[in-house]
Structures are given as C-alpha cells and as structure tokens.
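Observations on chain architecture
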Amino acid sequence: MSRLTIWALFDSGNGCYKQAQGDNDVISIGLNEHEKTSAEFISMDLSQDVKAIIKELSKLPRPDLIIASPPCESWSTASAISGGNACWRQTLKEPEFKIRKRSDFDGLHKFKPKFYPSLRKRLAGEILTVNTVMIIEHFKPKFWVIENPYSSRIWQYMGAYLGFDGIKNKAHYNNYDASFPKKPTCFMSNVELDLKQYDIKTGTAWRDRTKNYNLRSNIPIPLVADIFSQIAEMN
C-alpha cells in the first residue's frame, strides 16, 4: 500500500475527505458559501473559467487520485415536478436534458420550486459538472472518483452529453455509520470498488438531519477511508 496524493474537489464544507486522509496527503479545494468551517482547504471557485482553474491546480503536487463531490441539487429527484425535476425537463427514459421554461412553474403550489432559483441551480450544476470532468481529463490521474446520490441525473448527463462514464460503485451510508440514513450513493470511478450496500433498516431519515448544509452534505468518514484504502492497495 502506498501513500496517495489526493485532490478533493468540493471538500470545503466539513472536509470529510480531508478528515479521512490517514497516511495520505489530501488537498481539499473549493468554496464554503453556506456556513463558516474550521476545515482546511484551498479556496477556489470551481465554476470559473476552466483554464484559470487548471492554471492554479497545476501549481499543486500532481495527484494520484482526484475525488469530487459536485453539488447535487440540480440533479436531484427530490425536486421532481411534471416531466423531470425543477431544473430540467426530462423523463427517466429520455437521454436529453431540456431547459425549463418559466411557464412550467405556473400553477405550482406556493411551496413548490420557483423558476429563477431553479434556473440558477441548473446553470451552476451544469458548469460544475463540466469543469469536474475537464479537470480529470486534463490531469489524467491514475485514479478518479465522482460522488453523487445513486438516483442523481448527473450520471445520465455525463454519459449522454460529455461522453464520460465509469464504474458505478454503490454504497449505503448507514452501512458505515448508523447515525446516517441509508442514502444509496454512487462513487463512479475508473476502478471497481467493493463498497458496502447491505439493506440495513435504520430509524434515521433525512428529515431528521440538520438544516445545516455542511452537515447535511457529510459523507461517513469510514466510507471515505474505505475508498482511500482500496485505491491505495491498487496504486
């Protein structure tokens, strides 16, 4: 097992990837727009022009692994409305992602998603996904991992629009930490990972979790440590 140099993109909330670094060298990169954090990270806007991002990242030690957790809000089925979700007009059978029209929101209940916030999420979600893929393709690390909910439409988008795909390694959060909900999650990678996905019942639900964005976005540290350990064995 060898020591890994890891770039952890979007690890600027509570720094779950950094917390699980063990004997590895994890460099966390991103912005903390929601709450103050004591996590150690390089402040970088990953939505800016990718050429500027690549220029800055080129100053860092070359990574063995790039692991990324791009924001999932615009890809989530949690904001489902007729014909897709609040950010995209699409059915699960359609490979295309169509921009929502303002008229799609007419007549929705007042607590349902609103047009402009949903449009902004779509724009942000798309550019951050594109930049993540472009960073991986530019630096060509030996290993890469992208995390998002298993039901996220980011996987369809990357495959259909970016021609980018990998091995979809599934994990259940509560298999690693009983304080978490089950939350089926995908860690798509260029290598196969043996992650725990047992159907364990739990009394914890996402509605019981805090409204704090950083805490809600946490990944169980033992799960991250398992991923790092398996990849280090392959290195």
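Relevant structure appears above.
I will try to describe carefully the structure that is included in this document.

What counts and how
- Residues numbered from 1 in each chain as written.
- Predicted model: local features only at pLDDT ≥ 70, side-chain atom pairs only at ≥ 80, totals over all residues.
- Heavy atoms only, no water.
- Axes fitted to C-alpha atoms, helices over the stretch in contact; angles between N-to-C directions.
- Helix = DSSP H or I, 4+ residues; strand = E, 2+ residues; numbered from the N terminus.
- Left-handed = near helix turned anticlockwise from the far one by under 90°.
- Contact = heavy atoms within 4.5 Å.
- Polar contact = N/O pair within 3.5 Å; in protein donor to acceptor, adjacent residues only side chain to side chain.
- Core = buried A, V, L, I, M, F, W, Y, C linked by side-chain atoms within 4.5 Å.
- Buried < 20%, exposed > 50% of the residue type's maximum accessible area, 1.4 Å probe, protein only.
- Parallel < 35°, antiparallel > 145°, perpendicular 65-115°, else oblique.
- Nonpolar A, V, L, I, M, F, W, Y, C, P; charged D, E, K, R; others polar.
- Expected span 1.5 Å × (residues − 1).
- Salt bridge = Lys/Arg side-chain N within 4 Å of Asp/Glu carboxyl O.
- Lys, Arg positive; Asp, Glu negative; His and termini not counted.
- Arc of directions from axis to C-beta.

1. Some remarks on the packing of helix H3 (residues 115-139) against helix H4 (residues 154-162)
- Relative orientation of the contacting elements H3 and H4 amounts to 65 degrees, with a least axis distance of 11 Å. The crossing of H3 and H4 is right-handed. In this structure, H3 uses Glu126, Thr129, Val130 and Val133 to contact H4, whose residues at the interface are Ile154, Tyr157, Met158 and Leu162.

2. What to know about the side chain of Ser28
- For Ser28, the location among the structural elements is in strand S2 (residues 25-30).
- For Ser28, the side chain forms a polar contact with the side chain of Asp11, separated by 2.6 Å.

3. Section: the nonpolar core
- Membership of the largest hydrophobic core comes to 32 residues, with the highest contact counts inside it found for Leu9, Ile29, Leu46, Leu57, Ile135, Met158 and Phe164.
- Taken together, the elements giving at least two residues each to this core come down to strand S1 (5-9), S2, helix H2 (50-57), strand S4 (65-68), H3, strand S9 (143-149), H4 and strand S11 (184-189).
- Take this core: its biggest share by element is 6 residues, from H3.
- Among all residues touching Phe164, those that are not within four sequence positions of it are Val133, Ile136, Glu137, Trp144, Ile146, Met158, Gly159 and Met188.
- With 26 residues, the next largest nonpolar core counts Leu195, Ile219, Leu223 and Val224 among its residues.

4. Details of the environment of Gln156
- Examined against the element boundaries, Gln156 turns out to sit in helix H4.
- Spatially, the C-alpha atoms of Gln156 and Glu96 are 8.8 Å apart, while their sequence positions differ by 60 residues.

5. What about the packing of H2 against H3?
- Where H2 contacts H3, the axes come no closer than 11 Å and their chain directions differ by 45 degrees. When the axis of H2 is compared with that of H3, the two are oblique. Handedness of the H2/H3 crossing: right-handed. For the pair formed by H2 and H3, the contact residues are Val50, Ile53, Ile54 and Leu57 on the first element and Asn131, Met134, Ile135, His138 and Phe139 on the second.
- In the contact of H2 with H3, the residues fall into 7 nonpolar, 2 polar and no charged.

6. Here's the deal with helix H6 (residues 221-234)
- Compared with the 20 Å implied by 1.5 Å per residue over 14 residues, the 20 Å span of H6 between its first and last C-alpha is a close match.
- For H6, the complete set of buried residues consists of Leu223, Val224, Asp226, Ile227, Phe228, Gln230, Ile231 and Ala232.

7. Structural notes on the pattern of salt bridges
- Scanning all chains against the criterion turns up 5 salt bridges.
- Between Asp104 and Arg100 there is a salt bridge; the shortest N-O distance is 3.3 Å.
- We classify Arg100 as buried; its relative accessible area is 6%.
- Between Lys182 and Asp199 there is a salt bridge; the shortest N-O distance is 2.8 Å. With Lys182 in the loop between strand S10 (167-172) and S11 and Asp199 in the loop between S11 and helix H5 (213-216), this pair connects stretches of sequence that are 17 residues apart.

8. What to know about unusual backbone geometry
- The phi dihedral of Lys140 is positive, around 45 degrees, even though this residue is not glycine.
- Relative to the helices and strands, Lys140 resides in the loop between H3 and S9.
- Of note in the backbone geometry, Lys183 takes a positive phi value of approximately 40 degrees without being a glycine.
- Here Lys183 shows up in the loop between S10 and S11.

9. Considerations on the environment of Asp23
- One can find Asp23 in the loop between helix H1 (16-19) and S2.
- Among the residues examined, Asp23 registers a relative accessible area of 63% and is labelled exposed.

10. Thoughts on the side chain of Asp11
- Summarising the element assignment, Asp11 is placed in the loop between S1 and H1.
- Although Asp11 is buried, it forms no salt bridge, and the closest oppositely charged side chain is Lys18 at an N-O distance of 7.5 Å.
- Setting aside anything within four residues of it in sequence, one finds Asp11 in contact with Cys16, Tyr17, Lys18, Ser28, Ile29 and Phe41.

11. A closer look at H2
- Along H2, the positions that sit buried rather than exposed are Val50, Ile53, Ile54 and Leu57. All buried residues of H2 fall inside an arc of 95 degrees around its axis, so they share one side. Those residues of H2 that are exposed and aimed more than 90 degrees away from the buried face are Lys51 and Lys55.
- Where H2 is buried, its residues meet S1, S2 and H3.

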